Each structure stands twice: as C-alpha cells, then as structure tokens.
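Take a look at the letters that make up each chain.
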Amino acid sequence: MATNTTLDFEKPIVELEQKIAEMRSLADALDIQPQIEELEAQVEILRANVYRELTRWQRVQIARHPDRPYTLDYLTHCFDDFIELHGDRAYRDDPAIVGGLATLDGSPVIVIGHQKGRDTKSNLRRNFGMPNPEGYRKAYRLLSMAEKFGIPVMCFLDTPGAYPGLEAEERGQAEAIARNLFLMAQLKTPIIITVIGEGASGGALGIGVGDRILMLENAWYSVIAPESCSSILWRSWEYKEQAAEALKLTAPDLQSVGVIDRIVNEPVGGAHRSPVAMFNTLRAVLTEELKDLSAVPIESLVHNRREKFYAMGVWAG
Amino acid sequence: MAWFLRKSKNINESSTHREMPDGLWTKCTECSTIIYRKELEEHAFTCPKCDHHFRIGSNKYVDVLLDKGSFNEMDADVRSADPLKFVDTRPYTARLKEAYSRTSLPDAVTTGMGTLNGRSVAFGCMNFGFIGGSMGSVVGEKFVRAGRRAIETSSPFIFISASGGARMQEAALSLMQLAKTSAILTELADARLPYISIVTDPTTGGVSASFAMLGDVIIAEPKALIGFAGPRVIEQTIRKKLPEGFQRSEFLLEHGFVDRIVHRKELRQELSAIIELLMGGRR
C-alpha cells in the first residue's frame, strides 16, 4: 500500500536511513553496532529538526502525501462498527464523500468525510476526492438523520475542492454546498470537524461547519489551493510557495485567527510515517471533545455554534 | 515569427469586468447602440434596444428598487483590515486603497434599511467594481448585521449578489464568511421573515455557494452568469468548450435553481408583490 514517496525536503533523512540499512547488512561481519546507533540517533534529530521548521508549502506537500491516512482509514481505525451508507436518494452515490454509522468509545456517531483514492483506478472512482453535488446531498441526508436520532456528527475534511465540472454545475454544486452550510449552522446535535489533509475552499467547508474545528498538524485549510492562487494573483503557476506563505494556511496560522479550535499533533515525520500512532491520538482527542460537547444543552450548543461563526473575520470600525 | 502578435494583453480587457462608467452617452456592449443617459436611467440601466443589463453597483440599485430617498445606509464605517498582511504582486492594502478611490465605496457591499412601496426592508447590494465584488470579512459582517436588523425590525431581507467569490487576500477568513452569512439566514428563517436573493451578473464561487442560493425566493436578472466554478476553470478541467448559454440565468431556471428571471425594469414591482404575499401569511 505504501508508495514510499520521498518529498524533496526529506531526502537528507532518507539518505541517512539508507546508509544505516547498508551498515546493518554488514554488521554481522564487522563490529559497528555503536556507529549504527549513533547514526540512528542522528536521523531522529535530523527528522525532528526538519519537521520543526517546515515551510507552509512543505506542509501542503505532507498534507497531499500519497501514503497519508484518508477518511476511510480513520473511520475504520478510530471508530468501531463502521457501517457505510450510500447515496443521496436523488441522483447517485458519490464515492468522493463517504459516510455512515459507527461507534466511538461505545457511543453511536454519524461519520462523514471526503475520500481520495490510493491509485489511479480508485482515484478515478473517487474523483480525487472532489465531490459532485450528490456528495454534499448525501452528507445532507446523513446530517438530517443525525439530528432526527440525536446522534453526534464527526466530519473529516480532505479535498482539493468541489469538482468544477459541467455536470456538477448542471446539478447545482453551489446550491448543494450552500444548503449544507444552512443546515449545519442550526443542526440540533453536536458536530466535530477535523481537517485531516487538504481543506480547499467551499468544497471542504460544505461539510465543515461545526461546534469544534480540529486540524491535524500538517493539514492545510484555505479559500483556494496555493497553485490556483498563484495562477490568479501572480498570473503564473510558478508562485505556489509564495502563495502558500501569503495564504497562511497551516494549523498554527488558522488557530491564531480563530478559524480552528485545536491542533492535533501528528507523529514526527507526518501522519503517514506512523498511522497507528495517528489513529490513537485522534481517537483520544475526538472522544474527549465529544464528552465535552455532550454536556452542553442543545439550545446553547446551536447558539454557541452560530456565535462562533459570527465572530470570524477581522475588520476595522 | 510572432512579431505580429500583441505582446501585452488586450488593452480593452478590463473594461468588461467593471461596472458601467458614468457618462452622458453609453454604448451598449452587446448591440453597440448609443444610449442617452436619461433614456438609460428610464430603462433601469438596461439597453432599450436589446435588453442588455448593464452591471451597476449599489447606488444605482437603490435608485431602481427602493422608494425615493428612503435608503439609510448603515455600517459604512466597517472597513477591510489586512489581518494576514497579504502581499502578492501588490500588497492587499494597495489594492484596497485603489478600490476606495476608484469606486468611492466602503467595500464590496452596501447595506442599510429602506422602504419598498412603503414596506420597511433590510437591504444589501454588492459592488462588483470593488475588487471583483469579492467577499472578505467586511462583506460577511455587514451581511450579518443587515440580517440582524431585519430580525429586530421584523422586516424582509433583500440582497443583491454580484461577486467573483471569496476574497483571496483574507484567505481562510473569507472562506468562513460563507458559514457566517448562512448562519444568520437560519435565524431569519426561525423568525419567519422572507429572504429574497437577487442574483446578478456575475455571481460565482463562495457567494453563490452560500447566501445567493439560500433565498426563500431566488430571482435572477436575464443572462447573468451564475455558478460555482467559473467557466474558464471548468473548460480547463474538462478540456472542452462550454455550450452557449451555460451557467446563464436561463440555464439555471431550466435546471431548477432559480425561481424567476425578471427584467430589471420589473424587479421593483415583482419584489414588492412577492414580499407582500409572503408577509401576508403572518399571524
């Protein structure tokens, strides 16, 4: 499953790891165990240093890493008894958004998330995680069901954007997203959002209104992808690094302007380096957040949620 | 080889993107008819010959729709800050400065209270001429305040959209305005007050994916471009030319996403009739 993709800034780490592997293969013949251990310690320091000083563009690359856990990985590892539910009851099932029932620490929840594919075939099926209107309408149906049965909702954001296609426009992409925002702003059940990878624009926000907004350490969330921002404002695709810096799209950036509530730490080297550790961390965080929200009366919950979004924005006067 | 090609962009490129200029005579961009200013005003800034709807801003919509002298602008002091210190090829602050001096408008939206055939209404109208009518924190905040005022005064809320979408220079904060504006509409709905969305040319991106598509009644002006993704982005994605009339008002009406297409000259009477009918059921 792992593609062993190496990002540019990871190359020194990988080279060192290869050297250690070579030395290991010789270790039976030579007495170099102490040297190996020293190098291993060096690798960890190097990795920690590289990952401490990531640029915004580097984080975007980690968020898009092909080995990074996707929604279904979290749904099957952080939750128990996941039962997937399909379809919008109007047009078709959109595999770019998945959802269903599950339990978290024994309590029922409704889970919804964008879903990317791992290889060409599954990416074609899942449209690279870019939903069509029926994806948002499937989410609408599941959200309504959550309210009806008083079950909390957990959404996982990971999309390069809502699909900009001809049929998507014909079937009302804008209306589908707008209606979800309207529903989520008043849904009478707790909603926890987690940005797990890419949070691109209205396509992400279309399942992203909630009481608590969490974001994995290396995820990104903004109004537009850095490449598209570059092409519009710089009139060239070449300024993606500058665009990523200007957009301030990382978890710490967004926490400082009040767009997200909490950063969920990833294992050093990113979620894909140690998925099990990532699942355990997120399960614990979600359980804790859900416990807090479950104590809030529904009327205050909806009131607080609206107030939370009214407070977003910075203006003078 | 390419010595005969123009190196710089077409010099007239930006003129179609802006709102119509003020002048004694105006040439229709569709049928090239020369129209005298007074005649243009009498036709609510549409071409008397071909019915082309010129892009107009909030000042002219106030004249076209509300009772004369009834509009009381509010929150004009809410101004864009530059929370992210955004710089692309130019600083955001420089773009704002230019937009202020070119348009004399407070931002991409003007809001306030007015009357329509004597009925008090909360009113908002976007200005496409101000940084492409883009929605940042100011548009979101003024929309919410106008919505609140509708609730406080038990008035219907009329909002005219014209926007390229969320404002990139405020990044994620702009994106959150989609949720913020949708949230106040849920309160308006709880108060059972009509929200009438009027969609004009062009309305795309984050504005269409939030309040523009959430009207109890959605009215489009003829031939307005309305969609989520812009036509160029779609053409790049599907690598095909889009069919004629794609994403225009008539296309949306056919696909069930707007209630009516109304000529700007009839907009005032239609709006008034719809609001009176909706408010007539209140007990």
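Along each chain, residue indices are assigned from 1 in the same order as the chain's sequence is written. For this description, chains carry letters from A and ligands carry numbers from 1, given in the order in which they are written. It should be noted that, the model being predicted, local features are given only for residues of pLDDT at least 70 and side-chain atom pairs only at 80 or more, the latter also being counted only at that level, while totals for whole chains, interfaces and linings use all residues. Side-chain measures were taken over the full set of non-hydrogen atoms in the model, leaving aside hydrogen atoms and water.

Q: Please explain the nonpolar core as it appears in this structure.
A: We define the nonpolar core as a collection of buried residues of types Ala, Val, Leu, Ile, Met, Phe, Trp, Tyr and Cys that are connected through side-chain atoms lying within 4.5 Å of one another. The buried label goes to any residue with under 20% of its type's maximum accessible area, the exposed label to any with over 50%, and the partly exposed label to all in between, with areas taken from a 1.4 Å probe on protein chains only. The biggest cluster of nonpolar side chains holds 169 residues, and the ones touching the most others in it are Phe 79, Ile 112, Met 154 and Tyr 221 of chain A together with Phe 157 of chain B. Here the element with the most residues in this core is helix 5 (residues 171-190) of chain B; it accounts for 11 residues. In terms of nonpolar packing, the next biggest core, distinct from the first, is built from 14 residues, Ile 13, Met 23, Leu 39 and Val 50 of chain A among them. The helix count covers DSSP runs of H or I at least four residues long, the strand count covers runs of E at least two residues long, and both are numbered beginning at the N terminus.

Q: How should the sheet that holds strand 9 (residues 217-220) of chain B be read in this particular structure?
A: Sheet strands associate in pairs through backbone hydrogen bonding, adopting either a parallel or an antiparallel arrangement. Residues and elements named next belong to chain B. What the seven strands build is an open sheet, ordered 3-5-6-7-8-9-10; its pairing is mixed. With partners counted over all chains shown, the strands left at the sheet margins are strand 3 (72-74) and strand 10 (260-261), one partner each. Judged from the four bridges that link them, strand 6 (residues 119-126) and strand 7 (residues 157-163) form a sheet pairing that is parallel. Each bridged residue has a counterpart across the sheet, and for Ala 122 the counterpart in strand 7 is Phe 157. For two strands to be treated as a pair, DSSP must find no fewer than two bridges joining them.

Q: Where do I start with the pairing of strand 6 (residues 212-216) of chain A in this structure?
A: The two faces of the sheet receive side chains in turn, since in a regular strand these alternate between them. Residue and element names in this part refer to chain A. Strand 6 sits mainly inside the fold: four of its five residues count as buried. The pairing of strand 5 (residues 191-200) with strand 6 spans four bridges and is classified as parallel. Within strand 6, the position partnered with Val 195 by the bridge is Met 215. Relative to strand 8 (residues 262-264), strand 6 runs parallel, the two being bridged by three bridges. Its bridge partner being in strand 8, Leu 216 is matched across the sheet by Val 264.

Q: How should I be thinking about the interface of chain A and chain B in this particular structure?
A: Bring the parts together and some accessible area is lost; that lost area is often taken as the interface size. When checking whether two residues touch, look at their non-hydrogen atoms; a contact exists if any pair is within 4.5 Å. With 49 residues of chain A at the interface, the matching set in chain B holds 61 residues. The rule for a salt bridge is simple: a side-chain nitrogen of Lys or Arg has to be within 4 Å of a carboxyl oxygen of Asp or Glu. Where chain A packs against chain B, one counts one salt bridge. Note that Arg 306 of chain A is salt-bridged to Asp 190 of chain B, the shortest N-O span being 3.1 Å. Each polar contact in these results corresponds to two N or O atoms within 3.5 Å; when the atoms are within protein, one needs to be able to donate a hydrogen and the other to accept it, and residues that are neighboring in sequence are counted only if both atoms are side-chain atoms. Joining chain A to chain B, the criterion identifies 15 residue pairs in polar contact (both at pLDDT 80 or more). Broken down by secondary-structure element, the contributors of at least two residues to the side of chain A that touches chain B are helix 7 (166-170), helix 8 (173-184), helix 9 (201-205), strand 7 (220-222), helix 10 (226-234), helix 11 (240-247), helix 14 (298-310) and strand 9 (315-316) of chain A. Element by element, the count of residues in the side of chain A that touches chain B is highest for helix 8 of chain A, at eight residues. Gly falls in the polar group here, along with every residue not listed as nonpolar (Ala, Val, Leu, Ile, Met, Phe, Trp, Tyr, Cys, Pro) or charged (Asp, Glu, Lys, Arg). Split into classes, the residues belonging to the side of chain A that touches chain B amount to 31 nonpolar, nine polar and nine charged.

Q: Would you explain the domain arrangement of chain A in this entry?
A: Residue and element names in this part refer to chain A. Where each domain begins and ends follows an automated or database-derived domain assignment. You can read the domains of chain A as domain 1 (8-53) and domain 2 (58-310). Contact with domain 1, which involves seven residues of that partner, is made by eight residues of domain 2. Carbon and sulfur atoms make up 54% of the surface buried where domain 1 meets domain 2, a total of about 690 Å² over both sides. Here domain 1 is connected to domain 2 by one salt bridge. In this structure, Glu 17 and Arg 273 form a salt bridge, with 4.0 Å as the shortest nitrogen-oxygen distance. Of the residues forming the side of domain 1 that touches domain 2, the biggest block, three residues, is contributed by helix 2 (residues 33-52). A breakdown of the residues in the side of domain 1 that touches domain 2 according to their chemical character gives three nonpolar, no polar and four charged. In short, buried area is how much 1.4 Å probe accessible area vanishes from two parts on joining, totalled over both.

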